[in-house]
Amino acid sequence: MSDLRSHFITVERPFKEGTVEVFEQRIPAAGVERAVLSITALGVYEAELNGKKIGDLLFTPGYTYYPKDLHYQVYDVTALLAEENLLRVYLGQGWYCGRFTCDNKVQIYGERPAVSWVLRMEMADGSVCLSCSDDESVKAVRSPYEYAGFYDGEICHADGGPDSVTQPIPYTGPVPEVLEESAAGVKIQEEIPVQTVTKAGDATILDFGQNFAGIIEIDPTKMTDSTLKLRHGEILNPDGTLYTTNLRKAKAETVYHKGISTDKYRPRFTYMGFRYVELTGTDYEPGLLTAYAVYNEMERTGSFSCDNALVDQLYRNQVWGQKSNYVEVPADCPQRDERMGYTGDGHVFALTGAYNFDTEAFWAKFLKDIRYSQMDNSEGYVAPTIPAQGPAGIGFLTMLGWGNCVTIVPEMLYWQYGTDRYLREQYESMKTFVECEIRKMGDAGLWLAPNLGDWLTMGKDVAFMAMHNGPVSNAFIVNDLRILAWTAERFGKTGDAERYAAQLEKTRKAYLSAFVKDDGTMTDDYQGAYIMALRFVIPRGELWDKVFAKLVDKIHAEGMQTGFFATEHLLPLLADNGEAKLAFDLLLQEECPGWMYQVKRGATTVWERWDALRPDGTVNESKMSDDNMVSFNHYAFGSVGEFYYRYILGIQPLEPGFSKVRIRPFMDERLGSVKGSYRSRAGEIAVSWQMQDGIAMLEVVTPMPAEIVLPDGEVKQVLAGTYQYQQAL
């Protein structure tokens, strides 16, 4: 709504991190038949009309690349109107100018927050009346917030905070070029009941039984004293106290001073990543604290269950990892001083996430963030974190494997949802990114420079990967070239298709010469190098078979030794090529590194490091730069969810959007009975199977034509319907 552009207001005061401004406007509305509020902010806002929250979104207007793009919301508020009305708007600093990024910067996008609204009232006589944020009737009032920010939490005084009142002034700073209505956002999604309550000295520890991203609502009528403090953490110390070292510089606290009002207090401008809460200042009683999970609005589309309790728990863990980190952007973790939109973490989990939930709208927004951020990159590159923090170049590390999200996700969306919209919208962005890669490769056909490689592979530190990342980093370039050449051909861009196909063959040839020996050994002899070469680079044939055989030998000798990128492809690669039992062995292994190791250690989400909690029970606080880096809620290794849907259940699209589907379940009796489903654009597909007394029993429900592959390899071509099969093993 272009009108919003001319009504921005702010408060002129020296910048203080964590300040929340509050504006009020009294609005007569006698004779109003319909009222619509359009509102946005450079910062984060929450609006109330006559004491009732407007809408159900959190952290509005949302996180975008502010130099180019800003969202707004439109609400029909007719039902909230009375003859005399009080509009109250809370304005926080949020991502715009509050403390953010792992460098704990402030004022990244601007010096102070600003807000703009237009209330359009249609009168009974047909006339229209507007009430705007820059009207003289708008006043700044005393804020109840002493502090509010994503990392440190909130300090709230129910009867009003200490800051003096300063009147609003017109905001004269820059406003983004693009102002558009948001399509989705973050909401309170589900209540998380407390499981146990334990005294720990003067504190009370609440265990919610689930690690998640969320907030705690406080009922002041249950408080036995005037002030309470909540601290949040993912795990406990051995003595039962709250562990917070991995929060780094984030306090993750809520301090609430009750007042006359008996209204419940809910944090507006923060969220935490936690399973445990430490309560001090007041006694605990049921109803005092209520926990809610917050994440982006998405429709649930996938399900899975099986008799193996560990396998079943891992499925739930990866789902909760997605819930916890799909908060405006595909974040890395919800607890420490980071929570940024990571392109690498995002794309490795994107396919799994698109089975769990309908993520099309989520990714449409983030791909837009990529396009706008890329415009300010001096080399046309896509940064590892999006939205970008402002104009930049590439930096010392290439970060190949991260920005490649720009090609990987549009292709995934094409197959998952049957639309080429994102290939079209992202085409120039993909092309700009790939042209940067080509410039960096030069005549050599490869980009050889320091990078993180197969990130967080156990036993392979940053120094190792800086020198040996080549086969992983350049595999992503090969894949980019494949996707771009295919997309160009699809859209009839003949010149582009020929250019990128030729470059693809040049880079593939250089890759094979530099990284792959004739006997199938990779020159950089670690599992991630083999997996990425097999997945993206080496053509099928004798050399591919040799490299695959070497990989299998290494896995038998070393166990699983993969990082963020190779892990996504490991189990599918094995299952597709005659090593399904080995794939299940890796899935089920209970030693570290392994998924079941985490589950056996009590994990309810997926960890950032395979050994975030070491076998001796200590936390892996290995430093990255000057601080530790260990999260117990990181979804990258949760990409194993892809194996659940596409291999254990066997649900894969044969045509874009699942207009035709292949059902090829890989069975292992150690899982017991298995069932699950995926609600695709073409309808819900359901699969169940079990193995009993040497007999495999399979049931498939398909709303579309399907190719069903039975355990013995027999293929059935079927139409929509329900099908049951039994085969002797």
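Just above sits the structure.
Throughout what follows, the structure given in this document is the object of discussion. What you see is a predicted model, and the numbers here were worked out from it, not measured in a lab.

### A few points about unusual backbone geometry
Step number 1: Cis rather than trans, the peptide bond between Thr60 and Pro61 has omega equal to 10°.
Step number 2: Inspection of the secondary structure puts Pro61 in the loop between β6 (57-58) and β7 (69-76).
Step number 3: In this structure, the amide linkage connecting Ile386 to the following residue, Pro387, adopts the cis form with an omega of -5°.
Step number 4: In this fold, Pro387 is placed in the loop between α4 (360-375) and α5 (405-417).
Step number 5: Positive phi, close to 80°, is recorded for Thr101, a residue that is not glycine.
Step number 6: Within the fold, Thr101 resides in the loop between α1 (94-97) and β9 (114-123).
Step number 7: One non-glycine residue, Arg248, lies in positive phi territory at about 55°.
Step number 8: Inspection of the secondary structure assignment puts Arg248 in the loop between β21 (242-243) and β22 (253-257).
Step number 9: We classify Arg248 as buried; its relative accessible area is 19%.

### Quick look at the pattern of salt bridges
Step number 1: Evaluation of the coordinates by the stated rule reveals 54 salt bridges.
Step number 2: Note that Asp585 and Arg670 form a salt bridge whose closest N and O atoms lie 2.8 Å from each other. You can see Asp585 sitting in helix α14 (residues 580-588) and its partner Arg670 sitting in the loop between β31 (661-663) and β32 (674-680), a full 85 residues away along the chain.
Step number 3: Under the relative-accessibility criterion, Arg670 is labelled partly exposed at 35%.
Step number 4: A salt bridge links Glu707 to Arg662, with the shortest nitrogen-to-oxygen separation between them at 2.9 Å. With Glu707 in strand β35 (residues 706-709) and Arg662 in strand β31, this residue pair connects regions lying 45 residues apart in the sequence.
Step number 5: What you see here is one network of salt bridges that share partners, running through Glu24, Glu46, Glu48, Lys53, Arg88, Arg266 and Arg268.

### Focus: the pairing of β9
Step number 1: Where burial is concerned, most of β9 is hidden: 7 out of the 10 residues are buried.
Step number 2: Sheet topology note: the strand β3 (residues 32-42)/β9 ladder contains 10 bridges and is antiparallel. Within β9, the residue paired with Ile39 across the bridge is Trp117.
Step number 3: By the bridge criterion, 5 bridges tie β9 to strand β10 (residues 128-132) in an arrangement that is antiparallel. Each residue of the ladder has a partner; that of Leu119, found in β10, is Ser131.
Step number 4: Between β9 and β10, which pair antiparallel in sequence order, lie 4 residues; one of them, Gly126, sits at a positive phi of approximately 90°.

What counts and how
- Residues numbered from 1 in each chain as written.
- Predicted model: local features only at pLDDT ≥ 70, side-chain atom pairs only at ≥ 80, totals over all residues.
- Heavy atoms only, no water.
- Helix = DSSP H or I, 4+ residues; strand = E, 2+ residues; numbered from the N terminus.
- Buried < 20%, exposed > 50% of the residue type's maximum accessible area, 1.4 Å probe, protein only.
- Salt bridge = Lys/Arg side-chain N within 4 Å of Asp/Glu carboxyl O.
- Pairing = 2+ DSSP bridges.

In short, geometric facts, not functional conclusions.
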